[in-house]
Amino acid sequence: MNGLLEAFLSLLYPENVACCICGEEACVNEERLCASCAAGIRRCTLPPALRFADGFAAGLIYSEETAIAVHRLKYGNARYLAPFFISFLELPADWTFEAIIPVPLHKRRLRRRGYNQSALLAEALSERIGVPVREELIRRTRNTKTQTSLNARRRARNLRGAFAASPEAKGMRLLLIDDVRTTGATLSECARALREAGAAAVYACAACERERSD
Ligand SMILES: [Zn+2]
């Protein structure tokens, strides 16, 4: 492509010529990744089961490259990364659900951050598969401390009772979505709350899955 046309197109579609992850203007593949970022992307093929959920699926392995993209989706308002992540997410064909529920942020954290990255993922998935998002079916009642320094058991304890599901979830078949599954404690606790409210099925998915050493 000649330079002038390229410059014109980059004005029209800046994200189409820049790599989705590093943002460098580069020769990108059909997934809109430069060669070096594409090399750092791996699909998650056999994610482990998730407690209280009827099934779990994840798009990509959480790597150095995907961590950068998750960080930009979460804090950098890089909304175009939501459909990017969703394009790697494959849900089993036998899952049937009538609503998508993003893992909620506590309202105080939501106010500070301005948006919920999991809600962006839910919207992108909804657009792809035509199932509505029902954010109001679960809310975070407790603003839990950050989980990063906690081990699996402590994470689970830290989150106990942190979510409240709406009685409207009763009898519904639902799909939860989060950005990253680390130990699974957050998604698991959401699934438990929805089940206790009488949901008929609760599936869960994440854009990225942290690889386990065990
Ligand atoms: Zn790149």
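Report follows, based on the coordinates. (Residues numbered from 1 in each chain as written. Predicted model: local features only at pLDDT ≥ 70, side-chain atom pairs only at ≥ 80, totals over all residues. Heavy atoms only, no water.)

## What to know about the pattern of salt bridges
Two side chains that carry opposite charge are able to pair once their charged atoms sit near each other. Note the cut-off: The rule for a salt bridge is simple: a side-chain nitrogen of Lys or Arg has to be within 4 Å of a carboxyl oxygen of Asp or Glu. Working definition: helices are DSSP H or I runs of at least four residues, strands are E runs of at least two. Numbering for both runs from the N terminus. Relative accessibility thresholds used throughout: buried, under 20% of the residue-type maximum; exposed, over 50%; partly exposed, between the two (1.4 Å probe, protein chains only).
Evaluated as defined, the whole model comprises ten salt bridges. Residue Arg 195 pairs with Asp 54 through a salt bridge whose shortest N-O separation is 2.7 Å. With Arg 195 in helix 9 (residues 185-196) and Asp 54 in the loop between helix 3 (35-39) and strand 1 (55-61), this pair connects stretches of sequence that are 141 residues apart. Judged by relative accessible area, Arg 195 falls into the partly exposed class, the value being 30%. By relative accessible area, Asp 54 is classed as partly exposed at 42%. Salt bridges linked by common partners bring Glu 31, Arg 43 and Glu 90 together as one network.

## Some thoughts on the coordination of the zinc ion
Spelled out, the test is: Counted as donors are the N, O and S atoms within 2.8 Å of the metal, or 3.2 Å for Na, K and Ca, while water is not among the atoms, so some sites may look incomplete. Labels for metal geometry use angle windows, namely 85 to 135 degrees for all angles of a four-donor tetrahedral site, and for square planar (four donors) or octahedral (six donors) sites opposite donors over 155 degrees apart plus all others within 65 to 115; sites meeting none of these are irregular.
Surrounding the zinc ion are the protein donor atoms Cys 19 (SG), Cys 22 (SG), Cys 34 (SG) and Cys 37 (SG), at 2.3 to 2.4 Å. With four donor atoms in place around the zinc ion and angles of 104 to 115° between them, the coordination shape is tetrahedral. All donors to the zinc ion come from one chain, and their sequence spacing reads C-x2-C-x11-C-x2-C. Taking relative accessible area as the criterion, Cys 19 reaches 2% and is therefore assigned buried. Residue class for Cys 22 comes out partly exposed when judged on its relative accessible area of 34%.

## Comments concerning the pairing of strand 1
Two faces, one strand: in a regular strand the side chains alternate between the faces of the sheet. Selection criterion: When DSSP locates at least two bridges between a pair of strands, those strands are taken to pair.
Across the seven residues that make up strand 1, a large majority, seven, are buried. Pairing geometry for strand 1 and strand 6 (residues 201-209), over six bridges, is parallel. In the sheet register, Gly 55 faces strand 6, and the bridge partner there is Tyr 203.

## Considering the nonpolar core
Rules: In this description, a nonpolar core means a group of buried Ala, Val, Leu, Ile, Met, Phe, Trp, Tyr and Cys residues linked to one another through side-chain atoms lying within 4.5 Å.
Among the nonpolar cores identified, the biggest contains 39 residues, and Phe 85 and Ile 177 are the most heavily contacted of them. Core analysis: the next-biggest nonpolar cluster, separate from the first, contains 29 residues, Cys 44, Leu 50, Ala 53 and Ala 204 among them.

## Points about the sheet that holds strand 1
This is how it is decided: For helices, the fitted axis covers only the stretch in contact; all axes are lines through C-alpha atoms, and the angles between them, taken along N-to-C directions, range from 0 to 180 degrees. The criterion used for residue contact is that any of the two residues' heavy atoms lie within 4.5 Å.
Read from one edge to the other, the open sheet built from four strands follows the order 1-6-5-2, with strand pairing classed as parallel. At either end of the open sheet lies a strand with only one pairing partner, and these are strand 1 and strand 2 (99-102). Direction aside, the axes of adjacent strands within the sheet are offset by 20° on average. Pairing geometry for strand 5 (residues 173-181) and strand 6, over eight bridges, is parallel. Bridging across to strand 6, Leu 176 finds its partner in Ala 204. Helix 4 (residues 64-75) rests against strand 1, strand 5 and strand 6 of the sheet, and its axis sits at about 115° to strand 5. Across the sheet, helix 7 (residues 117-129) touches strand 2, strand 5 and strand 6, and the angle it forms with strand 5 is around 130°.

## Details of the packing of aromatic side chains
Aromatic rings considered in pairs are described by the distance between their centres and by the relative angle of their planes. For the record, the criterion: Pairs were defined over the aromatic rings of Phe, Tyr and Trp, the Trp ring being its six-membered one, requiring ring centres within 6.5 Å. Orientation was assigned from the angle between planes: stacked under 30 degrees, edge-to-face over 60, tilted for the rest.
The full count for this structure, using the stated rule, is four aromatic pairs. Look at Phe 84 and Phe 85: their rings are 5.4 Å apart centre to centre, the planes differ by 65°, and that puts the pair in the edge-to-face class. Grouping residues by exposure puts Phe 84 and Phe 85 together as buried. Relative to Phe 88, the ring of Phe 84 lies with its centre 5.2 Å away and its plane at 75°, an arrangement referred to as edge-to-face. Just as Phe 84 is buried, Phe 88 falls in that class too.

## Details of unusual backbone geometry
At Phe 52, a position not held by glycine, the phi torsion is positive, near 70°. Mapped onto the secondary structure, Phe 52 falls in the loop between helix 3 and strand 1. One non-glycine residue, Asn 77, adopts positive backbone phi at about 60°. Considering the arrangement of structural elements, one finds Asn 77 in the loop between helix 4 and helix 5 (81-86).

## Things to note about the packing of helix 8 (residues 152-159) against helix 9
Selection criterion: Any angle that is under 35 degrees is reported as roughly parallel, and any over 145 degrees as roughly antiparallel; angles of 65 to 115 degrees are reported as roughly perpendicular and all others as oblique. Helix crossings get a hand from a simple test, with the near helix turned counterclockwise from the far one by less than a right angle marking a left-handed crossing and a clockwise turn marking a right-handed one. Amino acids outside the nonpolar list (Ala, Val, Leu, Ile, Met, Phe, Trp, Tyr, Cys, Pro) and the charged list (Asp, Glu, Lys, Arg) are all regarded as polar, and Gly is one of them.
The N-to-C vectors of helix 8 and helix 9 enclose an angle of 40°; their axes lie 9 Å apart at closest approach. It follows from the interaxial angle that helix 8 and helix 9 lie oblique. Viewed along their axes, helix 8 and helix 9 form a crossing whose handedness is right-handed. For the pair helix 8 and helix 9, the contacting residues are Arg 155, Ala 156 and Leu 159 in the first and Ala 185, Thr 186 and Glu 189 in the second. When grouped by side-chain class, the residues that make up the contact of helix 8 with helix 9 number three nonpolar, one polar and two charged.

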